[in-house]
Amino acid sequence: MQYCTRCLYPGNHPLGITFDDQGVCSGCRVHEEKDVLDWEERSQRLVKIFDAFRSRSGRNYDCIIPVSGARDSHFIVHTVRHVYKMRPLLVTYNKHYNTQLGIRNLAYLRSLIGADILTSTISPQTVKKMTRISLKKLASMYWHCIVGQAVFPVQTAVRFKVPLIVWGAHQGCDQVGMYSHLDEVEMTRRYRKDHDFMGMEAEDLIQGEDIDDRDVKPFCYPHDKELESVGVRGIFLSNYIRWDTKRQHEDMLKIYKYETALQHRTFDTYNDVDCFHYSDLHDYIKFLKWGYGKATDHACREIRLKRLTREEGIDLVEKYQNKLPDPESLALFLNWLGIKKEELFDDIDARRDPRVWKKRSDGQWQLLDSVINHRRDSGIDSVRLTKKEDCEFSITPSKDPWIKDDQYVLVGRGWVD
Ligand SMILES: [Zn+2]
């Protein structure tokens, strides 16, 4: 397997990656734009976009912002609301795997920043049915979350006639350099289906399964005609603001003091703390499918932002990559879905990438390659970035130390089992 000579990404990155003649990946090359673009000028461009969408009557929202109890939610809402003075409607898809901490963070977000919020909570029975199917077809326990998070904001834009949706970073641009910042790529149905939804739309679930139109309706992207009639447009802030999630979190933590936490399979303590599984079982599944996990994503990001050397990044990958899922989180998921561990891993094994995994004659899986074996590839020194600062992630204190965090919280106290 070919690995980038600057960051740690492998050639089998599921979003697609290319390498130049120095062995540097397309993601690293596009990332270089962050240090040369005129971000002040790009911010003015964003002002113009926002001005065009401000509600003329003053009676409707100016834009929609998808949020959660983690990721860049605080930064995005703060920036849009307080820096660019837009009046947003926040929308959140309840992913069902919520930690107490995530629910609290979402509560800080809606009360401290001052914005209205709409929540989509799909019936647990439907979510479980969809998850059983997405595990079987795609080996994904997270598909309903990804689709719900992507579709609910677009449905809300149509329903409330608020045409502008504001997203944070574009993964295709930020991770693999599929687009340049100069392309100012916007949300499209096609990208969503091919990459975020792994090629499967909600309607595809119905065929031959115990699921019907009504079950999948909350996950269906609105029809093109509906999008056109409202003029729905989705922009990514990372095209207009120099994106640095770690720095953004640290700025926001000073103002809003939300909670961060240790993660099971990565060193980043800021993103994805609202979910039991994202940096745990879900990420372990990613590793079993592609041969690398979130620690690689986070190390690549920090190498490009000059806070880790390539070698320090590999050390972190080595520390987290092979970590098994936390047994309690795994049991929680199996119990919730009502399946056996063997069933889960059979589905995953069927989707392992044969470029990095091989089943030996004794039935055990062998990882054929990893960036750990590529510490000293030729050409690394000539494309190396100079580290400028240390990479430390802080943990903020829990606001509720008495509640043991060992079960999903649907929303507030809405969960009945
Ligand atoms: Zn790279």
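Residues numbered from 1 in each chain as written. Predicted model: local features only at pLDDT ≥ 70, side-chain atom pairs only at ≥ 80, totals over all residues.

K.L.:
Any chance you could explain the overall build of the chain here in plain terms?
P.N.:
Assigned secondary structure in the chain consists of 16 helices and 7 strands. Relative to the compact-globule value of 22 Å for 417 residues, the chain shows a C-alpha radius of gyration of 21 Å, a close match. Taken over 417 residues, the chain has a buried fraction of 43%. For the chain, the share of sequence-separated contacts (at least 6 apart) that also reach a separation of at least 24 residues comes to 75%. (Helix = DSSP H or I, 4+ residues; strand = E, 2+ residues; numbered from the N terminus. Rg over C-alpha atoms; globule rule 2.2 N^0.38 Å. Buried ≥ 20, exposed ≤ 12 C-beta atoms within 10 Å, placed from the backbone. Contact = placed C-beta atoms within 7 Å.)

K.L.:
Just to check I follow, could you spell out the packing of helix 3 (residues 73–83) against helix 11 (residues 245–256) for this structure?
P.N.:
Relative orientation and spacing of two packed helices are given, respectively, by the angle between their axes and the distance between those axes. For the pair helix 3 and helix 11, interaxial distance at closest approach is 9 Å and the crossing angle is 75°. Judged by the angle between their axes, helix 3 and helix 11 are roughly perpendicular. Residue-level contacts link His-74, Phe-75 and His-78 of helix 3 to Gln-248, His-249, Met-252 and Tyr-256 of helix 11. A breakdown of the residues in the contact of helix 3 with helix 11 according to their chemical character gives 3 nonpolar, 4 polar and no charged. (Axes fitted to C-alpha atoms, helices over the stretch in contact; angles between N-to-C directions. Parallel < 35°, antiparallel > 145°, perpendicular 65-115°, else oblique. Nonpolar A, V, L, I, M, F, W, Y, C, P; charged D, E, K, R; others polar.)

K.L.:
Got a minute to help me understand helix 14 (residues 310–320) in this structure?
P.N.:
One full turn of an α-helix is made of 3.6 residues, so residues set three or four places apart face in the same direction. Three or more residues of helix 14 are buried, namely Arg-310, Gly-313, Ile-314, Leu-316, Val-317 and Tyr-320. Buried residues of helix 14 fall within an arc of 160° about the axis and therefore sit on the same side. Buried residues along helix 14 sit in contact with helix 13 (294–304). (Arc of directions from axis to C-beta.)

K.L.:
What am I meant to see in helix 13 here?
P.N.:
Of all the 11 residues making up helix 13, 11 are buried; the element is thus mostly covered by neighbouring parts of the structure. Here helix 13 has its buried residues at Lys-294, Ala-295, Thr-296, Asp-297, His-298, Ala-299, Cys-300, Arg-301, Glu-302, Ile-303 and Arg-304. Considering only its buried residues, helix 13 is in contact with helix 1 (26–32), helix 12 (281–290) and helix 14. Positive phi shows up at Lys-306, right after helix 13, with a value of about 65°.

K.L.:
Could you clarify how one ought to interpret unusual backbone geometry in this entry?
P.N.:
Most peptide bonds are trans, and most residues other than glycine sit at a negative phi. A positive phi angle is found at His-96, which is not glycine, with a value near 75°. Mapped onto the fold, His-96 is located in the loop between strand 2 (88–93) and helix 4 (100–112). Overall, His-96 belongs to the buried group, with 22 C-beta atoms counted inside 10 Å. In this structure, Ala-139 takes a positive phi of about 50° despite not being glycine. Inspection of the secondary structure assignment puts Ala-139 in the loop between helix 5 (124–138) and helix 6 (143–160).

K.L.:
Please clarify how the pairing of strand 2 should be interpreted in this entry.
P.N.:
Counting buried residues along strand 2, 6 of its 6 residues qualify, which places the element largely inside the surrounding structure. Here strand 2 shows a buried face lined by Pro-88, Leu-90 and Thr-92 and a second buried face lined by Leu-89, Val-91 and Tyr-93. One ladder, built from 4 bridges, connects strand 1 (residues 63–66) with strand 2; its direction is parallel. Bridge pairing in strand 2 links Cys-63 to Pro-88. In this view, the connection linking strand 1 to its parallel neighbour strand 2 by way of helix 3 has right-handed handedness. (Pairing = 2+ DSSP bridges. Right-handed = clockwise from strand over helix to strand, strands pointing away.)

K.L.:
What is the right way to look at the environment of Arg-360 in this model?
P.N.:
Locating Arg-360 in the fold gives a position in the loop between strand 6 (357–359) and strand 7 (365–367). A residue is classified by how many C-beta atoms lie within 10 Å of it, and Arg-360, with 8 of them, is exposed. Sequence-wise, Arg-360 and Leu-138 are 222 residues apart; in three dimensions their C-alpha atoms are separated by 23 Å.

K.L.:
What's the story with the environment of Ile-235 in this structure? I'm lost.
P.N.:
Here Ile-235 lies in strand 5 (residues 233–236). Accessibility expressed as a C-beta count within 10 Å gives 21 for Ile-235, which makes it buried. When the C-alpha atoms of Ile-235 and Arg-265 are compared, they prove to be 31 Å apart, with 30 residues separating the residues in sequence. If near-sequence neighbours (up to four positions away) are discounted, Ile-235 is found in contact with Ile-49, Val-166, Trp-167 and Glu-186.

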